[in-house]
Amino acid sequence: MQAVDEVLTLELEDGALLVFGMRWFPLVGSRPEALARRRAREARASHYVQGGTRAAAVGCTRLHGRPRPCHSAAQAFAQSYPQGTAAGMLMMDEGRAWLVATQDGAVMARTDRIYADREQALAALAELDTFYPGMAAAMRDLDLADLVGNLGLATTLWRLSPWVGLPPAGARGICLLLAAGLLGGTAWQAWRHWGRAAPSVAGVVDPRDAWRTALARQAAALPLHDPSSLGTVFVSLRQLPVLTQGWALDGARCAAQTREWACQASYRRAGPAGSNRSFAETPPARDQAGFDGPHFDGLEQARVSWRVIASAKPGLPSNVNPDALDRRQAGDIRLGSALQRLLPAFGRISLGMAAALPVPAPLDESGRPLARPPGLPVLYSRPLLMHGPLRSYALFQAPPAGTAWREVTLTLMPGRRPEATGSVLMAQLQGVVYERD
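Every value quoted in this text rests on a predicted model; they were computed, and no experiment measured them. Here, residues in each chain are numbered from 1, in the same order as that chain's written sequence. Totals for whole chains, interfaces and linings use all residues, but because this is a predicted model, local features are given only for residues with pLDDT of at least 70 and pairs of side-chain atoms are given and counted only at 80 or more. Neither water nor hydrogens contribute to the side-chain values; these are computed over all heavy atoms in the structure.

1. Description of the overall build of the protein
Turning to step 1, where the next piece is worked out: We count a stretch as a helix when DSSP gives it H or I for four or more residues in a row; a strand needs E for two or more, and each element gets its number in order from the N terminus. In terms of helices and strands, the protein carries ten helices and 22 strands.
Turning to step 2, where the next piece is worked out: The buried share of the protein, taken over its 437 residues, is 46%.
Turning to step 3, where the next piece is worked out: Within the protein, contacts between residues separated by at least 24 positions form 70% of all contacts whose residues are at least 6 apart in sequence.
Turning to step 4, where the next piece is worked out: In these tables, accessible area is a Shrake-Rupley quantity obtained with a 1.4 Å probe, and a residue counts as shielded only by the protein chains included in the view. Summing over all exposed atoms, the protein offers an accessible surface of approximately 21,100 Å²; the carbon and sulfur share of this is 55%. Burial classes: relative accessible area under 20% of the type maximum marks a residue as buried, over 50% as exposed, and values in between as partly exposed (1.4 Å probe, protein chains only). It only takes one pair of heavy atoms within 4.5 Å for two residues to be counted as in contact.

2. Overview of the nonpolar core
Turning to step 1, where the next piece is worked out: If you look at the biggest cluster of nonpolar residues, it comprises 39 residues, and the most contacted ones within it are Leu237, Leu240, Trp261, Trp306, Met386 and Leu410.
Turning to step 2, where the next piece is worked out: It is strand E14 (residues 247-256) that provides the largest number of residues to this core, a total of five residues.
Turning to step 3, where the next piece is worked out: Other than its neighbours up to four places away in sequence, methionine 386 contacts Leu342, Phe346, Arg348, Ile349, Tyr393, Phe396, Ala427, Gln428 and Leu429.
Turning to step 4, where the next piece is worked out: Definition used in this section: a nonpolar core is a set of buried Ala, Val, Leu, Ile, Met, Phe, Trp, Tyr and Cys residues joined via side-chain atoms within 4.5 Å. In this structure, Ala57, Ala74, Val100 and Leu147 belong to the second largest nonpolar core, which totals 29 residues.

3. Some details on the pairing of strand E8 (residues 97-103)
Turning to step 1, where the next piece is worked out: Of all seven residues that make up E8, six are buried, and the element is covered over most of its length.
Turning to step 2, where the next piece is worked out: Where strand E7 (residues 85-91) lies against E8, seven bridges are found, and the strand directions are antiparallel. In the strand pairing of E8, threonine 85 is matched with glutamine 103.
Turning to step 3, where the next piece is worked out: By this definition, two strands are paired if DSSP reports at least two bridges between them. Where E7 folds back on E8, the antiparallel hairpin that results is connected by five residues, among which glutamate 94 adopts a positive phi of roughly 60°.
Turning to step 4, where the next piece is worked out: Pairing geometry for E8 and strand E10 (residues 113-115), over three bridges, is antiparallel. When the sheet's bridge partners are listed, leucine 99 is paired in E10 with arginine 113.
Turning to step 5, where the next piece is worked out: Where E8 folds back on strand E9 (residues 106-107), the antiparallel hairpin that results is connected by two residues, among which aspartate 104 adopts a positive phi of roughly 50°.

4. A word on the sheet that holds strand E4 (residues 47-51)
Turning to step 1, where the next piece is worked out: Spatial ordering of the open sheet is given by E3-E5-E4-E12, a layout of four strands whose pairing is antiparallel. The two strands at the open ends of the sheet, each matched to only one other strand, are strand E3 (23-27) and strand E12 (158-159).
Turning to step 2, where the next piece is worked out: In terms of strand pairing, E3 meets strand E5 (residues 56-61) through five bridges, oriented antiparallel. Its bridge partner being in E5, arginine 23 is matched across the sheet by cysteine 60.
Turning to step 3, where the next piece is worked out: The sheet strands contacting helix H1 (residues 32-42) are E3, E4 and E5, and the helix crosses E4 at an angle near 150°. Orientation is described by axes fitted as lines to C-alpha atoms, over the contacting stretch for helices, and by angles from 0 to 180 degrees between their N-to-C directions.

5. Points about the packing of aromatic side chains
Turning to step 1, where the next piece is worked out: Two rings from Phe, Tyr or Trp (for Trp, the six-membered ring) form a pair when their centres sit within 6.5 Å of each other. Planes less than 30 degrees apart are called stacked, planes more than 60 degrees apart edge-to-face, and all others tilted. Taken as a whole and judged by the stated rule, the model has nine aromatic pairs.
Turning to step 2, where the next piece is worked out: With a centroid separation of 5.0 Å and 85° between ring planes, the pair formed by phenylalanine 20 and tryptophan 98 is classed as edge-to-face. Note that phenylalanine 20 is positioned in strand E2 (residues 17-20) and tryptophan 98 in strand E8, a separation of 78 residues in sequence. The residues phenylalanine 20 and tryptophan 98 share a single accessibility class, namely buried.
Turning to step 3, where the next piece is worked out: Consider the rings of tryptophan 247 and phenylalanine 296, whose centres lie 6.3 Å apart with planes at 55°: the pair is tilted. With a gap of 49 residues between them, tryptophan 247 in strand E14 and phenylalanine 296 in strand E16 (residues 292-297) connect regions that are remote in the sequence.
Turning to step 4, where the next piece is worked out: Judged by relative accessible area, which is 0%, tryptophan 247 ranks as buried.
Turning to step 5, where the next piece is worked out: Over a ring means this: the NZ of a Lys or the CZ of an Arg is within 6 Å of the ring centre and within 35 degrees of the ring normal. Geometry around phenylalanine 25 places arginine 39 over its ring, the cationic atom sitting 3.8 Å from the centre.

6. Thoughts on the confidence of the model for the protein
Turning to step 1, where the next piece is worked out: On a scale of 0 to 100, pLDDT captures the predictor's confidence in every residue. Taken residue by residue, the protein gives an average pLDDT of 80. The fraction at 70 or more is 86%.
Turning to step 2, where the next piece is worked out: Of all secondary-structure elements in the protein, the lowest mean pLDDT belongs to helix H6 (residues 184-192), at 42, while E10 reaches the highest, 93.
Turning to step 3, where the next piece is worked out: Confidence over residues 163-202 falls short of pLDDT 50; this stretch has 50 contacts with residues more than four positions distant or in other chains.
Turning to step 4, where the next piece is worked out: Note on residues 312-317: pLDDT is under 50 here. Beyond four places in sequence and across chains, it has four contacts.

7. Considerations on the environment of threonine 85
Turning to step 1, where the next piece is worked out: Residue position: threonine 85 is located in strand E7.
Turning to step 2, where the next piece is worked out: Here threonine 85 falls in the partly exposed class, since its relative accessible area comes to 29%.
Turning to step 3, where the next piece is worked out: Separated by 18 residues in sequence, threonine 85 and glutamine 103 have C-alpha atoms that sit 4.3 Å apart.
Turning to step 4, where the next piece is worked out: The contacts of threonine 85, once residues within four sequence positions are left out, are Thr102, Gln103, Met108, Tyr132, Met135, Arg140 and Arg406.

8. Comments concerning a nonpolar patch on the surface
Turning to step 1, where the next piece is worked out: Here the term patch refers to residues with relative accessible area over 30% and no salt bridge, with like charges joined within 9 Å and nonpolar side chains (Val, Leu, Ile, Met, Phe, Trp, Tyr) within 5 Å. The salt bridge criterion pairs a side-chain nitrogen of Lys or Arg with a carboxyl oxygen of Asp or Glu, the two atoms within 4 Å. Together, Leu10, Leu144 and Val148 make up a nonpolar patch on the protein surface, roughly 190 Å² of accessible area in all.
Turning to step 2, where the next piece is worked out: Here valine 148 shows up in helix H4 (residues 144-148).

9. Quick notes on the sheet that holds strand E6 (residues 70-72)
Turning to step 1, where the next piece is worked out: Sheet architecture is open: three strands sit in the order E1-E2-E6, paired in mixed fashion. Only two strands of the sheet have a single partner each, and these edge strands are strand E1 (8-11) and E6. Strand-to-strand twist of the sheet, defined as the mean angle between neighbouring strand axes without regard to direction, takes the value 30°.
Turning to step 2, where the next piece is worked out: As judged from the four bridges shared by E1 and E2, these two strands associate in the antiparallel manner. The residue bridging leucine 8 from the neighbouring strand is phenylalanine 20, located in E2.

10. Observations regarding the pattern of salt bridges
Any two side chains of opposite charge can pair, so long as their charged atoms come close to each other.
Turning to step 1, where the next piece is worked out: Enumeration over the complete set of coordinates arrives at nine salt bridges.
Turning to step 2, where the next piece is worked out: Residue arginine 39 is joined to glutamate 42 by a salt bridge in which the shortest nitrogen-to-oxygen separation is 3.6 Å. Remark: glutamate 42 and arginine 39 occur in helix H1; sequence separation between them is three residues, near one turn of the helix.
Turning to step 3, where the next piece is worked out: What makes arginine 39 partly exposed here is its relative accessible area of 27%.
Turning to step 4, where the next piece is worked out: You can call glutamate 42 exposed: its relative accessible area is 52%.

Here you go:
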């Protein structure tokens with residue numbers, strides 16, 4: 001499938017530009033920020049953005065026009081999915097569809113593209129699904145608010161030198177004009193501040209300030225979820241009928257996004273009484289927010305989708321504040337003890353070891369990595385997995401405050417005898433808990 005646009009920009013209310021259709025390249029190496037700049041220069045880009053957690057990628061583009069802040073739409077989507085794979089689609093004007101896919105917070109190459117219609121975008125997604133099974137089924141339908149709500153420092157496009165990509169004669173001409181003073185300081189400052197000011201390589205870089213900026217960017221890229229919204233997700237799943245109009249529940253999945261959960265339930269035809277008409281007349285989850293359905297996959301399968309809006313508490317941040325996180329020892333003792341009390345009601349609870357989150361070292365004025373000054377905070381994440389009867393999650397009343405959830409999956413186990421750690425309806429919760437030293 002061929003994308004119809006190379007790059008598209010959308011002006012936001014504050015005058016900034018949201019950029020769609022950037023070219024993305026994976027980064028392999030120990031210095032992703034330096035590699036990102038080098039790759040952007042090779043691509044003859046005017047602007048670039050770098051992102052990812054365990055994987056890293058750089059997005060490149062050429063922009064023209066008056067100086068203004070610019071943000072990557074694809075990187076805004078990636079902020080919601082720092083672990084695993086994810087895909088999203090945004091319907092645009094004239095029926096066009098924008099498709100993006102990420103792995104571990106890094107935008108995949110050959111995505112962040114605009115297609116003539118939804119069918120072509122779905123065909124491109126099907127090609128991705130052959131390499132990443134399950135991606136097509138978990139694709140999220142997006143709206144503009146999903147992306148705008150994630151904009152921040154981590155999505156900002158950085159500007160390269162204004163003559164990057166020009167032929168040698170053009171570059172020499174600009175240099176001569178600058179040397180002669182014909183462009184003047186005002187024009188130079190305008191170039192420097194197109195989008196967001198690029199890191200200065202003139203003058204001495206203060207190591208502590210540079211590292212504080214790098215740590216702030218790291219924290220801004222980590223999502224945080226309201227603990228109370230998790231209970232709303234489980235209430236939504238408990239409302240799904242196991243049997244309805246000759247159809248039986250197969251399973252359900254709710255994927256965490258920044259301000260909501262995207263949920264989907266699948267049903268299979270359970271007998272002669274089941275028909276597409278009967279399912280369409282009383283579809284499950286029809287009273288939920290953002291209900292979408294029913295959709296039928298042939299004669300035996302049906303599915304519905306809906307959203308669970310995360311409750312918005314005044315003053316609650318959507319990104320990590322390092323000062324508000326528990327220390328690692330508190331995670332081992334307080335959180336570990338709380339989860340141990342729940343073990344009799346669950347089949348499995350796993351709290352992984354805390355691992356320091358990597359921070360690319362900022363560079364000095366010569367482009368060399370700066371040594372990390374002592375006394376700066378270190379952020380950690382530890383995976384959390386819970387598996388047990390759906391009813392048991394009613395006991396999970398106080399989830400950790402510094403948590404980013406990934407997904408909740410519901411599985412039907414026909415014929416399973418009810419017991420303390422087992423049931424016909426089994427649910428699994430995955431997420432990460434953030435801590436500091």
